[in-house]
Amino acid sequence: MGGKVEAFSYAFGDTDLFVIADLPDNVTAAALTLIINAAGAATARVTLLLTAEEIDAAAKKTATYRPPGQ
C-alpha cells in the first residue's frame, strides 16, 4: 500500500505485537486496518504518532471552545 514497516516488537499484556509503519497517509492506515480486521485472524488498531514539529504547530493554532451545556 505504499508504506514500509519501520519496527515491530512483541509484548506481554493485552496487545501481543506493536508495529510502527510509515504509511503515505491516514486513509491508507485506516484501509490497512480495515483489511486486517476483516480477515479475522488478528485485530488491528491505529495510533497516530506526531512529531515534535507537528505538536509545536498544533500548539500555535487557536480556537474558541465552549464545553457542552454552556
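Look up: the structure comes first, before these words.
Residues numbered from 1 in each chain as written. Predicted model: local features only at pLDDT ≥ 70, side-chain atom pairs only at ≥ 80, totals over all residues. Heavy atoms only, no water.

**Remarks on the overall build of the chain**
A tally of helices and strands in the chain yields two helices and two strands. Seen along its three principal axes, the alpha-carbon backbone of the chain occupies a region of about 45 × 30 × 25 Å. With 70 residues in all, the chain has 6% of them scored as buried. Taking all contacts inside the chain whose residues are at least 6 apart in sequence as the whole, residues at least 24 apart take part in 12%. When the accessible surface of the chain is totalled, it reaches about 6,500 Å², and 59% of it is carbon and sulfur. (Helix = DSSP H or I, 4+ residues; strand = E, 2+ residues; numbered from the N terminus. Buried < 20%, exposed > 50% of the residue type's maximum accessible area, 1.4 Å probe, protein only. Contact = heavy atoms within 4.5 Å. Areas by Shrake-Rupley, 256 points an atom, 1.4 Å probe, with all protein chains shown as cover.)

**Thoughts on the pattern of salt bridges**
This model, assessed by the stated rule, comprises one salt bridge. Note that Glu-6 is salt-bridged to Lys-4, the shortest N-O span being 3.9 Å. (Salt bridge = Lys/Arg side-chain N within 4 Å of Asp/Glu carboxyl O.)

**Concerning helix α1 (residues 26–39)**
Helix length check: α1, at 14 residues, gives a terminal C-alpha distance of 20 Å against a target of 20 Å (1.5 Å per residue), a fit within 8%. Between the side-chain oxygen of the N-cap and the backbone nitrogen of Val-27 there are 3.2 Å, and the N-cap of α1 in question is Asp-25. At the C-terminal side of α1, Gly-40 shows a positive phi close to 85°. (Expected span 1.5 Å × (residues − 1). Polar contact = N/O pair within 3.5 Å; in protein donor to acceptor, adjacent residues only side chain to side chain.)

**Focus: the pairing of strand β1 (residues 4–10)**
Two strands pair when backbone bridges link them, and β1 and strand β2 (residues 17–22) are joined in this way by six bridges, in the antiparallel orientation. Paired with Tyr-10 across the bridge in β2 is Leu-17. Here β1 hands over to β2 after six residues, with Gly-13 in that stretch at a positive phi of 115°. (Pairing = 2+ DSSP bridges.)

**A short note on the packing of aromatic side chains**
Describing an aromatic ring pair means giving the distance of the ring centres and the angle of the ring planes. Counted under the stated rule, the structure contains one aromatic pair. For the ring pair Phe-8 and Tyr-10, a centre distance of 6.0 Å and an interplane angle of 90° mean the geometry is edge-to-face. There is no split in this pair, since Phe-8 and Tyr-10 are both exposed. (Phe/Tyr/Trp six-rings, centres within 6.5 Å; stacked < 30°, edge-to-face > 60°.)

Coordinates in, geometry out; function isn't part of it.
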